[in-house]
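# Residue-level structural notes
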Amino acid sequence: MCTDRQHRHEHIHEQILCPQCDLVVSVPELVQGTKATCPRCHTVLISRWRQPFYQPVALAISSLFMLLMACLFEFVSMEVAGISNTITLIQIPTVMFSENYTELGAFFLLFVQIVPTFCMIAIILLCTPIRLPRKLQIWLSRILFQLKSWCMAEIFLAGILVSFVKLMAYGDIGLGLSFLPYVLYCLLQVRAFQCLDRHTLWEKLEARPQYPKIESGKSGLKQGVRLCRSCTAILPVTQHECSRCEVKGYARKTKSLQWTIALLITSLILYIPANLLPIMITQSLGNDYYSTIMAGVILLWEDGSYPVAMVIFIASIMVPSLKMIAIGWLCWDAHKPKGRRDPARMHFIYEIVEFVGRWSMIDVFVIAVLASLVRMGRLMSIYPDYGVVLFALVVVLTMFSAMMFDPRLTWDKCTADDGKPMIKEPKGD
């Protein structure tokens, strides 16, 4: 005999409201190892991972252990003309703060160390049988997935590899005992997020509230229901506070286009001086050499480091520029009158913008590594300059701009609401 909770569990997985295109999708009962995607925008709606809670917990605990190991030993070292310098992970923000580069140190401390560590701790607390107050569980669950985009440990790792290529022209680079544990930490924390499903986590905490009877294959807005962006509950449009996660919301993000355009214009204004002002100062034998982003790309290209030059050019020049153009295009498409449109293509552009935007922080982290490691007195020292802070602000503002854009606006004027969910095997266990 099925319990009342089992009946509610089955009911929850009969219909899901797509967070990207607002389509009501009927999802069959999923077996472990499968996932359901939206038939219209192909967004993953729900995943049934094997061991849905033990896997994320094991990965999160392992990642924190690797991080602890990475903080205990030397990270990287450099030797130039018999003068050597060694840094640890903890010393990188410490050097930034001690040299009055507070903004750069804050970016590193927040995005590379604090946010990823907090997310791993939150996964452990939420996925284990630890008894926590309901309000604390709700608070942790609400912010966990919002912080996912701000976990940049793997981007910092890519920045380290780029900085190695730059430094090899000046001296010998050595890897400390903590480098391999940090690589494993990056891989494990990324995998922990991949194995954690939002629907499954919230159902573990509390069953979804009952929702009005709706028809699959049609827009939720046309049927008077909306999605809770935090816990994915289906709610009446007139209900502005979710009864499960207590988050206030509306059928569409309030003033989404206005906020998106305002942040976009601000980032565009800052992007001009970020490219014109130097991002790095190299002191060598008493002489100062100022480098802009483009000057660094040209120097790498002239030194024969073509792959690294292309990586920096794409991440620091092409991606921010194309991202701002893409966000502006998305806003224009969502605002234009109903007519001939291609929402599938615009949604594909939106997904690319969401994915690649934060990778522009590579150059910021490269400067952080160089400024912390290259401290050889008058022989050679590297310092960050105002341009790198402005560029970091541009990346952060464009990320906020993309987050404020409501992708459902792209689909609201689309009349093609039919389709059936697709079931796919997720990669890995």
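On a predicted model such as this, the values are computed, not experimentally measured, just so you know.

## A look at helix α14 (residues 386–404)
If you check α14, its first and last C-alpha atoms are 27 Å apart, about what 19 residues at 1.5 Å a residue would give, namely 27 Å. Taking burial as the measure, the 19 residues of α14 include 14 buried ones, the bulk of the element.

## With respect to the nonpolar core
Residues L144, F156, Y182, M361 and F365 are the most contacted members of the largest nonpolar core, which totals 104 residues. For this core, the element with the most residues is helix α4 (residues 102–127), which contributes 13 residues. Residue-level mapping places this core at the junction of two domains, with at least three residues from each of domain 2 (53–196) and domain 3 (251–414). Filtering out sequence-adjacent residues up to four positions away, L144 remains in contact with C119, A122, I123, L126, F193, L196 and L201.

## Side note on helix α7 (residues 179–194)
The terminal C-alpha atoms of α7, which comprises 16 residues, lie 23 Å apart, in line with the 22 Å expected from a rise of 1.5 Å per residue. Along α7, the residues classified as buried are F179, P181, Y182, V183, Y185, C186, L188, Q189, A192 and F193. Buried positions along α7 lie against α2 (54–72), β5 (76–80), α4, α5 (134–144), α6 (153–167) and β7 (172–175).

## Quick look at the packing of aromatic side chains
Under the definition given, this model contains 14 aromatic pairs. Taking the centre distance of 6.4 Å and the plane angle of 15 degrees together, the rings of F75 and F156 count as stacked. With F75 in the loop between α2 and β5 and F156 in helix α6, this pair connects stretches of sequence that are 81 residues apart. As far as burial versus exposure is concerned, F75 and F156 are alike and both buried.

## Section: the sheet that holds β5
The strand order β6-β5-β7 describes an open sheet built from 3 strands, whose pairing is antiparallel. Across the chains shown, the open sheet's two edge strands, defined by having one partner strand only, are β6 (83–87) and β7. Ignoring which end each strand starts from, the neighbouring axes of this sheet average 15 degrees apart. With 5 bridges connecting them, β5 and β6 associate as antiparallel partners. By the bridge assignment for β6, V80 is matched with I83. Across the sheet, helix α13 (residues 362–373) lies against β5 and β6, angled at about 130 degrees from β6, the strand it touches most.

## Overview of empty space enclosed by the protein
Evaluated as defined, the whole model comprises 4 cavities of 30 Å³ or more. Of the volumes computed, that of the largest cavity is approximately 70 Å³. Surrounding the largest cavity, S149, K323, V353, E354, G357, R358, M399, A402 and M403 form its lining. Looking at the lining of the largest cavity, the elements with two or more residues in it are α12 (343–356) and α14.

## Concerning unusual backbone geometry
In this structure, D22 is a non-glycine residue whose phi angle is positive, near 70 degrees. Following the sequence through the fold, D22 ends up in the loop between β1 (15–17) and β2 (24–26). Although it is not a glycine, Q51 adopts a positive phi angle of roughly 55 degrees. By relative accessible area, which is 42% here, Q51 ends up partly exposed.

## Quick word on the environment of L45
Note on placement: L45 falls in strand β4 (residues 44–48). A relative accessible area of 3% means that L45 is categorised as buried. C-alpha separation for the pair L45 and V27, spaced 18 residues apart in sequence, amounts to 9.0 Å. Not counting the four nearest positions on each side in its chain, L45 is found in contact with I16, C18, P19, V25, A36, T37, C38 and H199.

## With respect to the UniProt feature "transmembrane region" (unreviewed entry) in the protein
Those residues carrying the UniProt feature "transmembrane region" (unreviewed entry) are residues 57–76, 104–127, 139–161, 167–188, 261–281, 308–332, 352–374 and 386–405 in this numbering. Within residues 57–76, the helical portion is 80% and the strand portion 5%, while the C-alpha atoms at the span's ends are 30 Å from each other. Between the C-alpha atoms that bound residues 386–405 the distance is 29 Å, and the span itself is 95% helix and 0% strand.

## Quick word on the layout of surface pockets
The space that makes up the second largest pocket amounts to roughly 350 Å³. Around the second largest pocket, the lining is made up of 21 residues, and of these K166, Y170, M280, S291 and L299 lie nearest the centre. For the lining of the second largest pocket, the secondary structure elements donating two or more residues are α6, β10 (280–284), β11 (287–291), α10 (293–302) and β12 (380–384). Here the element with the most residues in the lining of the second largest pocket is α10; it accounts for 4 residues.

Conventions adopted
- Residues numbered from 1 in each chain as written.
- Predicted model: local features only at pLDDT ≥ 70, side-chain atom pairs only at ≥ 80, totals over all residues.
- Heavy atoms only, no water.
- Helix = DSSP H or I, 4+ residues; strand = E, 2+ residues; numbered from the N terminus.
- Expected span 1.5 Å × (residues − 1).
- Buried < 20%, exposed > 50% of the residue type's maximum accessible area, 1.4 Å probe, protein only.
- Core = buried A, V, L, I, M, F, W, Y, C linked by side-chain atoms within 4.5 Å.
- Domains from an automatic or database assignment.
- Contact = heavy atoms within 4.5 Å.
- Phe/Tyr/Trp six-rings, centres within 6.5 Å; stacked < 30°, edge-to-face > 60°.
- Pairing = 2+ DSSP bridges.
- Axes fitted to C-alpha atoms, helices over the stretch in contact; angles between N-to-C directions.
- 1 Å grid on protein atoms, 1.4 Å probe; cavity = no way out; pocket = protein on both sides within 12 Å on 5 of 7 lines; lining within 4 Å.
- Points joined across faces, edges and corners; volume = space filled by probe spheres on them.
- UniProt positions renumbered as here; feature names shortened; annotations may be inferred.

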